[in-house]
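Topology and contacts: notes
One-letter residues, chain by chain:
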There are 2 protein chains.
Amino acid sequence: MQIDIIGRGNVGWHLLQAFAGKADVVSVDSKSLAELRLDADIYIISVSDNAIEEIARRLNELLDSSRFVAHTSGTMPLDALDSFFGRTGVFYPLQTFSKNVNLDYREIPIFIESHSPEDESLLSEVAGLISNKVIRMDSQRRKDLHIASVLSCNFVNHLWTLAERYLNEKEIDFSLLRPLIEETTRKLKRLSPYDGQTGPAVRHDNKTISSHLQQLSDYPEISGIYTMLTESIESLHPKK
Amino acid sequence: MQIDIIGRGNVGWHLLQAFAGKADVVSVDSKSLAELRLDADIYIISVSDNAIEEIARRLNELLDSSRFVAHTSGTMPLDALDSFFGRTGVFYPLQTFSKNVNLDYREIPIFIESHSPEDESLLSEVAGLISNKVIRMDSQRRKDLHIASVLSCNFVNHLWTLAERYLNEKEIDFSLLRPLIEETTRKLKRLSPYDGQTGPAVRHDNKTISSHLQQLSDYPEISGIYTMLTESIESLHPKK
């Protein structure tokens, strides 16, 4: 199987690692397209959503329009590529990818979509080379899943960033929070997040909340986020 | 060691489990105080911050004022108990506690504070019965740590709650996110959260962000949180 991966960001970097030894894979610089092969079985565009159409347009100038081209976006619809190629697909691996952080690719769900059963079967074969969890999903539902993943991963990680920076300024070691953070995740296996909610907001403990907001008076960004998420917790967990 | 734990919420419930077999421990209903012993070595008040002073006042009517009384709050200062008892302390276990979810207590950091070396040594002995990580910390820094733990645990868990409810409405299985959530946490061992940030906001991928906000137009609560956290990520990670 000849696979050309266009883009060398986090996702492109990991797809190259994942396919290495399992397919004839080439990494293509999205700026130059210099390494592009003209006869690959599938072209996987792995760039920022902002850039997908521009890359597809340039690929269209270089490749036969009968080539099979897919993108890796959670949010862009399948038809984003339809004006450039006759055979298009989506190949969306649901994971947080950072270069040089190893992953067990077999556990990563890959969501696929295409217009024809033949192309879907090819996508499924390609995804099956690296993952045990290949799932068909339409563009609308994939976007909903992507939104949920932004909440569950990107925003979560940013809260940790804010906590780390706050503690660094106070010269308190962020690693003191590690057992707490690990247990927060571990508990998800036992309880729904709704049932596992703890902290001042779910207790409607106004004394603690006011005291925290007072302590955060020099940190308007954190206190804005604190207020909004506290109100959201309180409204979802009414006082008993 | 005679330990009376006042309060049967999540923390009180877990302290009772933790001390069982390691001390002579009694759980006291904070409403009735019916089981209270008059001669315990330490009284640990484990109730909502709103209620600590009221409980201390009622204990003061029942106990000799020379008794040693501590609270488990991350945020209330040590001196919150000083008007009621001559010997006071703080015994703050940093963890997310849900009843019936087992924990390895030895890994939980316990932050202690008191006015005298003798009481501090008693607190340290009591904490050492259940944890390998007993740490002295003053009230101001403990409150900062508590704020960071609200960001890192309570708010994180709430984002998972919002994601789960959103996916449930769309009839998408929340468990599809589990590998992502686990990797988000696991990655913290390899990279600082700042360096591990991924997603549309850190890429300044406006196309994805607008598309998500449009999809969230019927979910004003989620879209408010989405906007605020996206702006916070963008401002902390300027476009390269």
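Residues numbered from 1 in each chain as written. Chains lettered and ligands numbered in written order. Predicted model: local features only at pLDDT ≥ 70, side-chain atom pairs only at ≥ 80, totals over all residues. Heavy atoms only, no water.

**Observations regarding the overall build of chain A**
Just so we agree on the cut-off: Each helix corresponds to a stretch of at least 4 residues labelled H or I by DSSP, and each strand to a stretch of at least 2 residues labelled E; elements are numbered beginning at the N terminus. Using C-alpha atoms as the atom set, the radius of gyration is obtained and then compared with a globule rule of 2.2 Å times the number of residues to the power 0.38.
Of regular secondary structure, chain A possesses seven helices and seven strands. The order of α-helices and β-strands along chain A, N terminus first, is β-α-β-β-α-β-β-β-α-β-α-α-α-α. For 240 residues, the compact-globule formula gives about 18 Å, and the C-alpha radius of gyration of chain A, at 22 Å, lies well above that figure. Overall, chain A is about 65 × 35 × 30 Å in size when its C-alpha atoms are taken along their principal axes.

**Details of the relation of the copies chain A and chain B**
The condition is simple: A least-squares fit on C-alpha atoms brings the copies together, and the residues used are those whose pLDDT is at least 70 in both copies. Contact between two residues is taken to exist if any of their heavy atoms lie within 4.5 Å; hydrogens are not considered.
Mapping chain A onto chain B is achieved by rotating through 180 degrees and translating by 0.0 Å along the same axis, at an RMSD of 0.0 Å. Taken together, these values place the two copies in the relation of a two-fold axis. Looking at the rotation axis and the C-alpha trace of chain A, the residue lying nearest is A:Val156, at 2.7 Å. Interface overlap between copies: 100% of the residues of chain A at the interface are likewise at the interface in chain B, consistent with a symmetric, same-surface contact.

**A word on the environment of B:Ile233**
Mapped onto the elements, B:Ile233 comes out in helix α7 (residues 220-236). Once residues lying within four places of it in the same chain are set aside, the contact partners of B:Ile233 are A:Asn154, A:Phe155, A:His158, B:Gln197, B:Ala201 and B:Val202.

**Points about the packing of aromatic side chains**
Each pair of aromatic rings is reported with the distance of its centres and the angle of its planes. Here is the rule: The aromatic pairing rule takes the rings of Phe, Tyr and Trp, using the six-membered ring of Trp, and pairs them if the centres are within 6.5 Å, calling planes under 30 degrees apart stacked, those over 60 edge-to-face and the rest tilted. Type-normalised accessible area, obtained with a 1.4 Å probe on protein chains alone, sets the label of each residue: buried when under 20%, exposed when over 50%, and partly exposed for intermediate values.
Enumeration over the complete set of coordinates arrives at eight aromatic pairs over all chains. Centre to centre, the rings of A:Tyr166 and A:Tyr219 are 5.0 Å apart; their planes meet at 75 degrees, and the pair counts as edge-to-face. Within this pair, whereas A:Tyr166 is found in helix α4 (residues 139-169), its partner A:Tyr219 is found in the loop between α6 (206-215) and α7 (220-236), the two being separated by 53 residues in sequence. Judged by its relative accessible area of 1%, A:Tyr166 is buried. Note on B:Tyr92 and B:Phe111: the rings are 6.2 Å apart at their centroids and 35 degrees apart in plane angle, and the pair reads as tilted. With a gap of 19 residues between them, B:Tyr92 in strand β5 (residues 87-93) and B:Phe111 in strand β6 (residues 110-114) connect regions that are remote in the sequence. This pair shows no difference in class: B:Tyr92 is buried, exactly as B:Phe111 is.

**A look at the interface of chain A and chain B**
How large an interface is tends to be reported as the accessible area lost when its parts come together. The cut-off we apply is this: As a working definition, buried area equals the accessible area (1.4 Å probe) given up by two parts on being put together, with both sides summed. The salt bridge definition used is simple: a Lys or Arg side-chain nitrogen within 4 Å of an Asp or Glu carboxyl oxygen. As used in this structure description, the phrase polar contact means that two N or O atoms lie within 3.5 Å; if the pair is within protein, one of them must be able to donate a hydrogen and the other to accept it, and residues adjacent in sequence are counted only when both atoms belong to side chains.
Contact residues are listed per partner, giving 99 residues for chain A and 99 residues for chain B. When the two sides are added together, the surface that chain A and chain B hide from each other amounts to roughly 9300 Å², 64% of it contributed by carbon and sulfur. If you look at where chain A meets chain B, you find four salt bridges. A salt bridge links B:Glu182 to A:Lys189; its shortest N-O distance comes to 4.0 Å. In this assembly, chain A and chain B are joined by 62 residue pairs in polar contact (both at pLDDT 80 or more).

**Describing the pairing of strand β4 (residues 68-71) of chain B**
Residue and element names in this part refer to chain B. Going by this rule: The pairing criterion for strands is at least two bridges between them, as found by DSSP. A right-handed crossover is one whose linking path, passing over the helix from the first strand to the second, runs clockwise when the strands point away from the viewer.
Of the two faces of β4, the one lined by Phe68 and Ala70 and the one lined by Val69 and His71 are each fully buried. For strand β3 (residues 42-45) and β4, the ladder comprises three bridges, and the chain directions are parallel. Bridge pairing links Ile44 to Ala70 in β4. Tracing the backbone out of β3, into helix α2 (residues 49-62) and back to the parallel element β4 gives a crossover that is right-handed. Inspection of the sheet shows β4 paired to β5 by four bridges, in the parallel sense.

**Quick word on the sheet that holds β4(B)**
Residues and elements named next belong to chain B. For clarity, the threshold we go by: Fitting a line to C-alpha atoms yields each axis, with helices limited to the stretch in contact; the angle taken between N-to-C directions then spans 0 to 180 degrees.
The strand order across the open sheet built from seven strands is β2-β1-β3-β4-β5-β6-β7, with neighbouring strands paired in mixed fashion. Of all strands in the sheet, those bounded by a partner on one side alone are β2 (24-28) and β7 (134-136). Neighbouring strand axes in the sheet, compared pairwise and without regard to direction, differ in orientation by 25 degrees on average. Packed on one face of the sheet, helix α1 (residues 10-19) meets β1 (2-6), β2, β3 and β5 and runs near 160 degrees to β1. Contacts from helix α3 (residues 117-130) reach β1, β3, β4, β5, β6 and β7 within the one sheet, and its direction differs from that of β6 by about 165 degrees.

**What to know about the nonpolar core**
Keep this limit in mind: Buried Ala, Val, Leu, Ile, Met, Phe, Trp, Tyr and Cys residues that are joined via side-chain atoms within 4.5 Å together make up what is termed a nonpolar core.
Ranked by size, the top nonpolar core spans 74 residues in total, and within it A:Leu145, A:Leu159, A:Leu177, B:Leu145, B:Leu159 and B:Leu177 carry the most contacts. Looking at this core, the elements that each hand over two or more residues are β5 (87-93), α4, α5 (178-187) and α7 of chain A together with β5, α4 (139-169), α5 (178-187) and α7 of chain B. With residues up to four places along the chain from it excluded, the contact list for A:Leu177 reads A:Ala163, A:Leu167, B:Leu94, B:Leu145, B:Ala148, B:Ser149 and B:Ser152.

**Considering the sheet that holds strand β3 (residues 42-45) of chain A**
All names here are of chain A. Reading across the sheet, the seven strands line up as β2-β1-β3-β4-β5-β6-β7 and stay open at both edges, with mixed pairing between neighbours. Two strands in the sheet have a free side with no partner beyond their single neighbour: β2 (24-28) and β7 (134-136). Geometrically, the sheet is characterised by an average inter-axis angle of 25 degrees between neighbouring strands, direction not taken into account. Along the sheet, helix α3 (residues 117-130) makes contact with β1 (2-6), β3, β4 (68-71), β5, β6 (110-114) and β7, crossing β6 at roughly 165 degrees.

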